[in-house]
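Each chain, letter by letter, is given below.
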Amino acid sequence: MQVSSNTIEVLTVEDYARFLAKRTVKMRVSEVRQLLKWAEGREVISFGGGLPDPRIYQVEELAEIAKTIILEERHKVLQYGSTEGLPALRDQIAKFINRYGIKVDGIENIIITTGSQQGLDLIGRILIDPGDVVLVEIPTYIAAINAFNVYYPRFQGIHMDNDGMIVDELEDTIKRFKNEGKRVKFVYTVPTCQNPAGLSLSEDRRKHLVELAEEFDFLIVEDDPYSYLIFDREPPRPIKTYDTSGRVIYMSTFSKILAPSLRVGFIVGDKKVIDKIALAKQATDLCTSTLSQLIAREALRREIVDKQIKNSISLYKMKRDLMLEALAKYMPHGCKWTKPIGGMFILAYAPEGVDTKKMLQKALRRGVAYVPGHGFFVDGSGANTMRLNFTYPSEDQIDRGISVLAEIIREETMRC
Ligand SMILES: Cc1ncc(COP(=O)(O)O)c(C=O)c1O
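Rules used throughout
- Just so you know, the residues in each chain are numbered from 1, in the order the chain's sequence is written.
- Under the rules for a predicted model, residues below a pLDDT of 70 receive no local features and side-chain atom pairs below 80 are neither given nor counted, while totals for whole chains, interfaces and linings still include all residues.
- Based on all heavy atoms of the structure, the side-chain values leave hydrogens and waters out of the count.
- Secondary structure counts use DSSP, requiring at least four H or I residues in a row for a helix and at least two E residues in a row for a strand, with both numbered from the N terminus.
- Radius of gyration means the value over C-alpha atoms here, while the globule rule gives 2.2 Å times the residue count to the 0.38 power.
- When a residue's accessible area, from a 1.4 Å probe over protein chains only, is under 20% of the maximum for its type it is buried; when over 50% it is exposed; and in between it is partly exposed.
- Residue contacts are defined here by distance: any two heavy atoms, one from each residue, within 4.5 Å place the two residues in contact.
- For the charge count, each Lys or Arg is scored as positive and each Asp or Glu as negative, with His and the chain ends excluded.
- In this description, the location of a charge corresponds to atom NZ of lysine, CZ of arginine, CG of aspartate or CD of glutamate.
- Note on method: axes are straight lines fitted to C-alpha atoms, helices fitted across the in-contact stretch only, with angles between N-to-C directions ranging 0 to 180 degrees.
- Working definition: roughly parallel below 35 degrees, roughly antiparallel above 145 degrees, roughly perpendicular at 65 to 115 degrees, and oblique for all remaining angles.
- Left-handed is the label given to a crossing in which the near helix is rotated counterclockwise from the far helix by less than a right angle, and right-handed is the label when the rotation is clockwise.
- Charged residues are taken to be Asp, Glu, Lys and Arg, nonpolar residues to be Ala, Val, Leu, Ile, Met, Phe, Trp, Tyr, Cys and Pro, and polar residues to be all remaining types, Gly included.
- All the domain ranges listed were derived from an automatic or database domain assignment.
- Salt bridge, as used here, is a side-chain nitrogen of Lys or Arg placed within 4 Å of a carboxyl oxygen of Asp or Glu.
- Points on a 1 Å grid over protein atoms alone make up a cavity when a 1.4 Å probe fits among them but cannot get out, and a pocket when they form an open set with protein on both sides within 12 Å along at least five of seven lines; lining residues each have an atom within 4 Å of a point.
- Grid points are joined across faces, edges and corners, and a volume is the space filled by probe spheres set on the points.

1. Details of the overall build of the chain
Of regular secondary structure, the chain possesses 14 helices and 16 strands. In terms of C-alpha radius of gyration, the chain reaches 22 Å, essentially the compact-globule figure of 22 Å for 416 residues. Each principal axis of the C-alpha distribution contributes one length, and for the chain these read about 60 × 60 × 60 Å. In the chain, which comprises 416 residues, the share counted as buried stands at 54%. Across the chain, contacts joining residues at least 24 apart in sequence account for 75% of those joining residues at least 6 apart. Between the mean site of the 57 positive side-chain charges and the mean site of the 56 negative ones, the chain shows a separation of 2 Å.

Here it is as structure tokens:
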């Protein structure tokens, strides 16, 4: 303890350690996050966050909606809402996802969450006991690892190829666990334009995954923010559309198709699961912001979401193409990268031996930010990878930023 000037003892970090729950050990400060935070507000070309293009927001329309809602629905908008979420929003979501092939019996199959990130935490809460086996893609969404980690799962990674998660490898893994007398609790997957890899699971594999869930008795958590942003073809059918036994818990968000600041996400599943999630949510935030939910409801109803999706698809397709062209133009021999059909991310591989985490400091000094891939790989690999977001930076920044990264990789390769 330290003694302050008026002799009242102030607790030190070590003192607090005596009080903190063991799970807080799992909540580490990420150096990468610190570095990227440092870059915020500076003149840095950011390939870092998964941010929409700022030009895509329909500011006037949203301002008008917010004003109308506050004035005309004042009795609802400033109050708490139900934990499951506003029925009118859930109803609109049911119609919206129906267009992507997901059919629900009613709004009782849907719960609104405070962003999908809360959805991940709630799923961890209701499904994971310490030591439970959770299968994830290699690489997988880092914030899902962090959300689940506090419930002490045992992660097992499954590799990916150009068709997404290798489901045959998943089957072998499940059988191996079974032989050891252990079972897999659930598979967490981002099957479409995955974060961070940008890859999508093929249709055959989607079907096979659902068959395996039935055969080996596990659940599938389908995290799907990006199916609504497919550029080159019809969106792949969500895994949920193949589900006949209630094993798939589907989740998505308005963050990429309306505005991340609203913090409105949703989970779709069997009522029995949704009810448990509602109990868990009640203990965390009682309900998602009513104002945000009403804005999302109106944006769906007035087809503002549809318009944004349409605009995002053409803008992001152009930006993805620019980034792919820049990668092909500048990157040195030995580099490779994924070619997403939509979404927001490309995963780039520097030659073996290049450490993209170490390289980040240099990149930031030269005005370019990205997310080193290592943290996304539960098997500890991926040190030479980096996640590149192509939706946030401007067209001009994409070209300049990639040329800077290519130059740094060239220098790093010579050092290895
Ligand atoms: C795969 C995935 N899941 C969940 C989230 C979190 O989304 P939200 O903003 O709704 O919390 C993201 C955000 O980038 C994501 O990419």
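Here the narrative resumes.
2. Observations concerning the packing of helix H13 (residues 356–365) against helix H14 (residues 395–415)
Between two packed helices, what matters for the description is the angle formed by their axes and the separation of those axes. Between H13 and H14, whose axes approach to 10 Å, the crossing angle comes to 135 degrees. The orientation of H13 relative to H14 falls into the category oblique. For H13 against H14, the interelement crossing comes out right-handed. Where H13 abuts H14, its residues Met359, Lys362 and Ala363 lie against Leu405, Ile408, Ile409, Glu411 and Glu412. Taken together, the residues of the contact of H13 with H14 sort by class into five nonpolar, no polar and three charged.

3. A look at the domain arrangement of the chain
Per the domain assignment, the segments of the chain are domain 1 (2–57 + 307–415) and domain 2 (76–305). Centre-to-centre separation of domain 1 and domain 2, based on C-alpha positions: 24 Å. The tally of links between domain 1 and domain 2 comes to two salt bridges. A salt bridge links lysine 317 to aspartate 232, with the nearest nitrogen and oxygen atoms 3.1 Å apart.

4. Comments concerning the layout of surface pockets
In this model, the second largest pocket occupies a volume close to 340 Å³. Lining the second largest pocket are 22 residues, with Met160, Lys336, Tyr349, Phe377 and Thr385 sitting closest to its centre. Put simply, the parts of the chain that give the lining of the second largest pocket at least two residues each are strand E6 (154–161) and strand E12 (336–337). Ranked by the residues each element gives to the lining of the second largest pocket, the list is headed by E6, at three residues. Of the residues contributing to the lining of the second largest pocket, the split by class is ten nonpolar, eight polar and four charged. The residues that make up the lining of the second largest pocket include at least three from each of domain 1 (2–57 + 307–415) and domain 2 (76–305).

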